[in-house]
Amino acid sequence: MACYSAVLQHPLGSSLTPCSASRTPPRLQRVGVATPSVASARPVARVRISPRCAYSGGAGATPGPGELPAATLRRVLEAPGAHQAPACYDALSARLIERAGFRACFTSGFSISAARLGLPDVGLISYGEMIDQGRLITEAVSIPVIGDADNGYGNCMNVKRTVKGFINAGFAGIILEDQVSPKACGHTQGRKVVSREEAIMHIKAAVDARNESGSDIVIVARTDSRQALSLDEALWRVQAFADAGADVLFIDALASREEMKAFCAIAPGVQKMANMLEGGGKTPILSPVELEEIGYKIIAYPLSLIGVSMRAMEDALIAIKGGRIPPPSSLPSFEEIKNTLGFNHYYEEDKRYVVTPAQSFYETGYDNYTSEPKNPGDSRSRAEKPQEPVIDILPQLYDIGSSGSRGPSTGMWSRTLRLKITGRDGVLKIDARIPAGFLEGMTKIIPGLAGANIMERLRNAPIDTDNPQNGQILLDFEDAMGDRIQVFIA
């Protein structure tokens, strides 16, 4: 532990520095406008901007106009204090985090494996499943999300693909660890790590993928070597990760406050992440104030939401099995559930796009056939306007029982119908002529025609006894707006 003691006395001891100790870590200086050298090295951004859900109503770190998720996260990391970021595992848990006012959140591979597969976090969940779940999460909220990418799912080329995939899925940050495959939860047994050289190359590959994508995704470099090998090895690796271009450093499963202090003394220009594993992990649970004093910048709470969800569901099932329902103290009202999911916001927005049945019937379907001018200033008469020709294919309705070669509906196109719509105030809205054949495609739209035999209706339509001059009446009803709709055989 000589190296550990040296760190406590000399934070930048040369014995721990695999690369030049004089290098200034340029991590969060990238926030805001990029320097000319960085800007010229990166292509034009081609990253996907997630369509953030309009119903989340979060109070967290709202992106500025046109701001990408990574820029929002860097703005959070620049702000004073140590920032709490609970871990989510699906869109709903992410939305709850945002509603609670947190400025960022993580995805937890442990929790996603549990919720999506019902299996332990031992490397069984795949890259594709994590990307799919992550995209749903990032689309549900507007706060930045840091994604758990395990060990990158393979070699350096896999790491590059993983980073680009996480960028396109809308993540603001990505956590990459140095475990071998299959990986394991950082606070469980049986962890092994790749070599120093391979671990460093993975971070370099991630930085290259970021630059090639024109993105500025925050790279969180994690090592599990504290439990797999030693504290000295873990400290050496995070310094190497900083020199390779990582933005945030993370040693999982540190075992004491002193170890946490030693970690935060490494690479002082690079932000540090703490992992407060709830319920009995290896790392001491400290308050945000204590963690900030030690030197941490962002704090993850990986199991709180999945843990309380599991316990709440178990309690609810016990109650149901006993013939009861969960008590009000543990069960939100239906209105509260709807409000959390955005029902009320949805209903309000939906009102902007309501189309009444009457509008659908006579404002869109028959615009070309109305006999009234559309604009009051239009002085042209109906006769002067170009009209859709009604071709007299047959002088009479085709007789279904005859032996011609034409189909039974052919005769409808030889007849013209008169459409009259009178408002409930008595004002004539529409008086138009339409081909009778149009009714074939409208039996599911016009009330009174559902399942109707149009040929039979045309053949047996009665005379309008109130106004015989109108001829035979095919339809006469009132729509939902109170307008009277009449269709005559002209």
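Rules and cut-offs
Residues numbered from 1 in each chain as written. Predicted model: local features only at pLDDT ≥ 70, side-chain atom pairs only at ≥ 80, totals over all residues. Heavy atoms only, no water. Helix = DSSP H or I, 4+ residues; strand = E, 2+ residues; numbered from the N terminus. Buried < 20%, exposed > 50% of the residue type's maximum accessible area, 1.4 Å probe, protein only. Contact = heavy atoms within 4.5 Å. Areas by Shrake-Rupley, 256 points an atom, 1.4 Å probe, with all protein chains shown as cover. Phe/Tyr/Trp six-rings, centres within 6.5 Å; stacked < 30°, edge-to-face > 60°. Core = buried A, V, L, I, M, F, W, Y, C linked by side-chain atoms within 4.5 Å. Pairing = 2+ DSSP bridges. Axes fitted to C-alpha atoms, helices over the stretch in contact; angles between N-to-C directions. pLDDT = per-residue confidence, 0-100. Polar contact = N/O pair within 3.5 Å; in protein donor to acceptor, adjacent residues only side chain to side chain.

Naming follows an unreviewed UniProt entry, where the protein chain appears as Isocitrate lyase of Miscanthus lutarioriparius.

A.B. asks: Help me understand the overall build of the protein chain in this model?
C.D. replies: A tally of regular secondary structure across the protein chain gives 17 helices and 12 strands. Out of the 490 residues in the protein chain, the part that is buried amounts to 47%. Of the contacts formed within the protein chain by residues at least 6 apart in sequence, a portion of 67% connects residues at least 24 apart. For the protein chain, the computed accessible surface area is about 24100 Å², with 55% contributed by carbon and sulfur atoms.

A.B. asks: Hey, could you run me through the packing of aromatic side chains in this one?
C.D. replies: Each aromatic ring pair is specified by the distance between its two centres and by the angle formed by the two planes. Here the structure, examined in full by the defined rule, presents 5 aromatic pairs. Look at Tyr346 and Tyr347: their rings are 6.0 Å apart centre to centre, the planes differ by 70°, and that puts the pair in the edge-to-face class. Relative accessible area serves as the criterion here: at 42%, Tyr346 is assigned to the partly exposed category. A residue is classified by how much of its surface remains accessible, and Tyr347, at 41% relative accessible area, is partly exposed. An aromatic cluster of three or more residues is present, and its members are Phe343, Tyr346 and Tyr347.

A.B. asks: Before we go on, may I ask you to explain the nonpolar core in this structure?
C.D. replies: Burial of nonpolar side chains together is a common tendency in soluble globular proteins. Phe241, Leu249, Met260, Phe263, Leu291 and Tyr296 are the most contacted members of the largest nonpolar core, which has 34 residues in total. Put simply, the parts of the chain that give this core at least two residues each are α8 (196-213), α10 (231-244), β6 (248-251), α11 (257-265), α12 (288-294) and β8 (298-301). Of the residues forming this core, the biggest block, 9 residues, is contributed by α10. With near-sequence residues (within four places) excluded, Tyr296 lies in contact with Ala82, Leu254, Met260, Phe263, Cys264, Lys272, Met273, Ala274 and Leu291. Counting residues in each nonpolar core, the second largest holds 26 residues, with Phe171, Ala206, Ala209 and Ile219 among its members.

A.B. asks: Help me out: how do you make sense of the sheet that holds strand β9 (residues 416-422) in this one?
C.D. replies: The strands that make up a sheet pair up through hydrogen bonds in the backbone, lying either parallel or antiparallel. Spatially, β10-β9-β12-β11 is the arrangement adopted by the 4 strands of the open sheet, whose pairing is antiparallel. Two strands in the sheet have a free side with no partner beyond their single neighbour: β10 (428-435) and β11 (472-478). Ignoring strand direction, the axes of neighbouring strands in this sheet form an average angle of 15°. As paired strands, β11 and strand β12 (residues 484-489) are joined by 6 bridges and run antiparallel to one another.

A.B. asks: I keep staring at the sheet that holds strand β4 (residues 173-176) and nothing clicks. Help me out?
C.D. replies: One closed barrel holds the 8 strands; their spatial order is β1-β2-β3-β4-β5-β6-β7-β8, and the pairing between them is parallel. The average angle at which neighbouring strand axes cross in this sheet is 25°, direction not considered. Bridge analysis of β4 against strand β5 (residues 218-223) gives 4 bridges, and the strand direction is parallel. Bridging across to β5, Leu176 finds its partner in Ala221. Along the sheet face, helix α3 (residues 69-78) touches β1 (83-88), β3 (145-148), β4, β5, β6, β7 (271-275) and β8 and points at about 65° away from the line of β5.

A.B. asks: When you look at the confidence of the model for the protein chain in this model, what are you seeing that I'm missing?
C.D. replies: In low-pLDDT segments, the atomic positions of the prediction should not be examined closely. In the predicted model, the protein chain carries a mean pLDDT of 79, and the fraction of residues at 70 or more is 68%. Confidence over residues 1-59 falls short of pLDDT 50; this stretch has 110 contacts with residues more than four positions distant or in other chains. Note that pLDDT drops below 50 for residues 376-409; the model gives that stretch 45 contacts with residues more than four away or on any other chain.

A.B. asks: Just to check I follow, could you spell out the environment of Arg237 for this structure?
C.D. replies: Secondary-structure assignment places Arg237 in helix α10. What makes Arg237 buried here is its relative accessible area of 3%. Remark: the alpha-carbon pair of Arg237 and Arg222, spanning 15 residues in sequence, is separated by 9.0 Å. When neighbours within four sequence positions are excluded, Arg237 is seen to be in contact with Asp178, Val193, Val194, Ser195, Arg196, Ala199, Thr223, Ser225 and Leu229. Here Asp178 takes part through its side chain, which lies 3.0 Å from a polar atom of the side chain of Arg237.

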